[in-house]
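Overview (structure and organization)
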Amino acid sequence: MTSTPHPSSSGPASPPGAGAPAPAEQASRTEARGSRWARLIDSDLFYSFTHSPVTLVSALVTLVIFAAALLAPVIAPHNPFDPATLNLMDGFTRPMQANEFTGNVYWLGTDAQGRDLFSAILYGSRVSILVGFAAVAFAALLGISLGLIAGYRGGWVDSLIMRIADVQLSFPAILVALLIFGVFKGVVPPALQDRMAIYVLVVAIGLSDWVQYARTARSSTLAEKNKEYVQAARVIGVPARTILLRHILPNVMGPVLVIATIGLALAIILESTLSFLGVGVPPTQPSLGTLIRVGQDFLFSGEWWIVFFPGLTLLLLALAVNLLGDWLRDALNPRLRR
């Protein structure tokens, strides 16, 4: 009598390679990636970028400065803010000239404390770029959120947010930032002020720059909320937050990206201005603005390089980012293309 085999409790064995994607699926993914890359190369945006010499040079300068700041611990000959590595005998060494006491040669010279200016600029650029990016992100997050709410809700909510924005526009951004720093100095204990200075600097710049993001987001929301796809989402019961984040927000990001690119250059300049005035980054974590403030004390005594090279770095960085923002604005707006 033949017995019927009992099925295994573990179920039928899966064929080899069942967990791995099928070759056809892998081929489709590779083809999709290739088609996306091909569409990018064939796009008007890529053509405009590659056929604009000014934009290419600006992108190269921005990339070089960003990469140098990011790799400062690797590129810099030494940490200029570590007192153990400084030698006062190297003070006021001219660029590419041997010091008369130590014989050391520095590419961009040294300051009064013997700090290598090349290393100081690399580390200072890190602080300026970090503060600029963080301030732009904070301003964009706050401005876009308030702009979406004002444009979608309308009524008294829209009027309140826009009147606050109008009031702030009547004050220069630097005055708003100085006011926030004044409140910070009076509230925070002196022992914590240097530790929290960068955070306060980010908040001060962000609060002084959120209005343009809010106005742009509001105008785009007003144009989108009455379109058919938004009305259809309302009819089927989609929550307002989902409509704002999934349907309206993607249409807002185009003009906001342009504002953020240009705003990055303005935020870096504002940070340098505040640090130059002595209310920004503490001396223990100097930025480009702090280096310029230190160097201007020696400008008329013959040590021109102490202020010249940090100022030149700030100029190149702000100009390159600004030109990239101008190109992006023209490329994303067909009416502005020449």
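Check the entry above for the structure.
Residues numbered from 1 in each chain as written. Predicted model: local features only at pLDDT ≥ 70, side-chain atom pairs only at ≥ 80, totals over all residues. Heavy atoms only, no water.

A few words on the side chain of Thr-93. Along the chain, Thr-93 falls in the loop between helix H4 (72-75) and helix H5 (117-153). Judged by its relative accessible area of 2%, Thr-93 is buried. Looking at Thr-93, its side chain comes within polar contact range of the side chain of Asn-99, at 2.7 Å. The residues touching Thr-93, leaving out its near neighbours within four places in the chain, are Asn-99, Asn-104, Tyr-106, Gly-109, Thr-110 and Trp-305. (Helix = DSSP H or I, 4+ residues; strand = E, 2+ residues; numbered from the N terminus. Buried < 20%, exposed > 50% of the residue type's maximum accessible area, 1.4 Å probe, protein only. Polar contact = N/O pair within 3.5 Å; in protein donor to acceptor, adjacent residues only side chain to side chain. Contact = heavy atoms within 4.5 Å.)

Counting residues in each nonpolar core, the largest one holds 63 residues, and the members touching the most others are Ile-205, Tyr-213 and Ile-248. Top contributing element to this core by residue count: H5, with 16 residues. Those residues in contact with Tyr-213, other than ones at most four positions away along the chain, are Val-136, Ala-139, Ala-140, Gly-143, Ile-144, Val-256, Ile-259, Ala-260 and Gly-263. (Core = buried A, V, L, I, M, F, W, Y, C linked by side-chain atoms within 4.5 Å.)

So, on to helix H7 (residues 173-187). End to end, H7 covers 21 Å across 15 residues, agreeing with the expected 21 Å (1.5 Å per residue, within 8%). All buried positions along H7 are accounted for by Val-176, Ala-177, Ile-180, Phe-181 and Phe-184. Each buried residue of H7 sits inside an arc of 135° when the element is viewed along its axis, so together they form one side. Residues of H7 that are exposed and angled more than 90 degrees away from the buried face: Leu-179 and Gly-186. (Expected span 1.5 Å × (residues − 1). Arc of directions from axis to C-beta.)

Evaluated as defined, the whole model comprises six salt bridges. Among the ionic pairs, Asp-166 bridges to Arg-215, the shortest N-O distance being 3.0 Å. Here the residue Asp-166 occupies a position in helix H6 (residues 155-169), and Arg-215 occupies one in helix H9 (residues 211-224), the gap between them amounting to 49 residues. Under the relative-accessibility criterion, Asp-166 is labelled partly exposed at 31%. The closest approach of N and O atoms between Glu-224 and Lys-227, which form a salt bridge, is 3.2 Å. Residue classification places Lys-227 among the partly exposed positions, given a relative accessible area of 37%. Ionic contacts of the salt-bridge type, sharing partners, join the residues Arg-163, Asp-166 and Arg-215 into one network. (Salt bridge = Lys/Arg side-chain N within 4 Å of Asp/Glu carboxyl O.)

For the rest of this paragraph, the subject is the environment of Thr-221. As for its placement among the helices and strands, Thr-221 is situated in helix H9. Sequence separation of Thr-221 and Gly-147 is 74 residues, and the distance between their C-alpha atoms is 7.8 Å. Excluding its chain neighbours within four sequence positions, the residues that come into contact with Thr-221 are Gly-147, Leu-148, Gly-151, Tyr-152, Ile-248 and Val-252.

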